[in-house]
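Coordinate inspection notes
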Amino acid sequence: MRTAEKLEKTQMTKSTLVTALYHHTPKEIIGGRGWDFPYFAAPFLNVLNLEQPIVIYTHDKVSDDLIPFMEKHAKSEYKIIDYDLLSFKHSESILNLKRSSGKFTNDILNGDISYVDNDRNTHLCLNKLYWLNEECQKNHFSSDKFYWIDAGLFHHGIFPEKYGGRERLSRQENRPDLYYPEHELSIFNPDLIPKINSLCQKFLCLRHQEMPINFDMRQTLGVDGKTLGYIVGGFFGGEKQYIEPMLKQFDESLQVILDNNILTLEEDLFSCISAICPDLFQIFTFDTWSHDIVTDPCYYGASGHSKSFYKFFKDLIHE
């Protein structure tokens, strides 16, 4: 296909983003960071500035802030879905494993247990692929490709402010000069998803070279030494023909893991599935979460030669 024809086809490809916003604390057995919507607002505006249709799963503790925010800032079609995380098909298995750990009394984290032990919302993390597949089936916006994106992904801890990363809990969402189009170098603009579409051929995901994968899970699923690396859960997706078989394998593997009394998050499971179904994956690799812009906040010494996470996105816009 000639370059001009390929570009035209890419621009015609319509994509749907899928995300979730929930407010649960580490004290609750369901787990969570304890961050409410204002914490996510500034980086979440970067997601909306991609100008793609978006489906947002949430609950009433967030929707009172989310709805007026979307009415003010949405750049494309959107759908907000009220979803009870306890309705997740594997919810009882997850809760039973947590209860059997001895860390909870009446589903409240014991006072002598660190919040770090329960600061991830397991239900939300494991639901990501189910939600993405649900949108593939219903396809509210007649899209060709579907991507999961964490609502707070584009924060300045990993995306430098030079290229549009925004600080969480900062009220920066009220500063148009910090966002595209006034912030001309911001990579969070309508060109980003079409650029990703031009790359996406299978189940697109990003891999960290060094992060460890749960040993018991690798052994249980028979993939020890065979994985393609540590697949991260902040951004992934593609076409329905790859998302559907990914979910089938994910669901089967998750059931095996839970039956063997192993509690996991989505990333370790994705990583193991990369060994079970390698032909489904299209993987792009990075070697550090840290950015390399010395003059920006959250610079922790990454060199300019580092393959930072943000560069996958930045290099598509600033080639």
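Cut-offs applied
Residues numbered from 1 in each chain as written. Predicted model: local features only at pLDDT ≥ 70, side-chain atom pairs only at ≥ 80, totals over all residues. Heavy atoms only, no water. Core = buried A, V, L, I, M, F, W, Y, C linked by side-chain atoms within 4.5 Å. Buried < 20%, exposed > 50% of the residue type's maximum accessible area, 1.4 Å probe, protein only. Helix = DSSP H or I, 4+ residues; strand = E, 2+ residues; numbered from the N terminus. Disulfide = S-S within 2.5 Å. Contact = heavy atoms within 4.5 Å. Polar contact = N/O pair within 3.5 Å; in protein donor to acceptor, adjacent residues only side chain to side chain. Salt bridge = Lys/Arg side-chain N within 4 Å of Asp/Glu carboxyl O. Expected span 1.5 Å × (residues − 1).

Some words on the nonpolar core
- Within the largest apolar cluster, 94 residues are counted, with the highest numbers of intra-cluster contacts made by Phe44, Leu129, Trp131, Phe159, Ile196 and Phe313.
- Top contributing element to this core by residue count: helix α2 (residues 37-48), with nine residues.
- The next biggest cluster of nonpolar side chains, apart from the first, holds five residues, and it includes Ile29, Leu95, Phe104 and Leu109.

What about the state of the cysteines?
- One pass over the structure, following the stated rule, counts zero disulfides.
- The cysteine cysteine 125 is free of any disulfide, with cysteine 272 supplying the nearest cysteine sulfur at 16 Å.
- Distance from the sulfur of cysteine 272, which forms no disulfide, to the nearest cysteine sulfur (cysteine 277) is 12 Å.
- Since its relative accessible area comes to 0%, cysteine 272 is described here as buried.

Observations regarding the side chain of asparagine 49
- You can see asparagine 49 is positioned in the loop between α2 and β2 (54-58).
- Not counting chain neighbours up to four residues away, the residues in contact with asparagine 49 comprise Lys75, Tyr179, Tyr180, Phe188, Asn189 and Pro190.

Some words on the environment of histidine 208
- Inspection of the secondary structure assignment puts histidine 208 in strand β7 (residues 203-208).
- Discounting residues that sit within four places of it in the chain, histidine 208 has contacts with Tyr230, Val232, Phe286, Asp287, Thr288 and Trp289.
- Among the polar contacts made by the side chain of histidine 208, one reaches the main-chain amide nitrogen of methionine 211 at a distance of 3.4 Å.

A short note on the pattern of salt bridges
- For the coordinates displayed, the defined rule picks out 16 salt bridges.
- Note that aspartate 251 and lysine 89 form a salt bridge whose closest N and O atoms lie 3.1 Å from each other. Of this pair, aspartate 251 sits in helix α8 (residues 240-259) while lysine 89 sits in the loop between β3 (78-82) and α4 (91-99); the two residues are 162 residues apart in sequence, bridging distant segments of the chain.
- On the accessibility criterion, aspartate 251 (19% relative accessible area) is buried.
- Take lysine 89: its relative accessible area is 55%, and that puts it in the exposed class.
- When salt bridges with common partners are traced through the structure, they connect Glu92, Arg99 and Asp107 into a single cluster.

Overview of α8
- Between its first and last C-alpha atoms α8 spans 28 Å; for 20 residues at 1.5 Å apiece the expected length is 28 Å, and the two agree.
- Within the sequence span of α8, burial applies to Tyr242, Ile243, Met246, Leu247, Gln249, Phe250, Asp251, Ser253, Leu254, Ile257 and Leu258.
- In the segment just after α8, asparagine 261 is the residue with positive phi, at about 60°.

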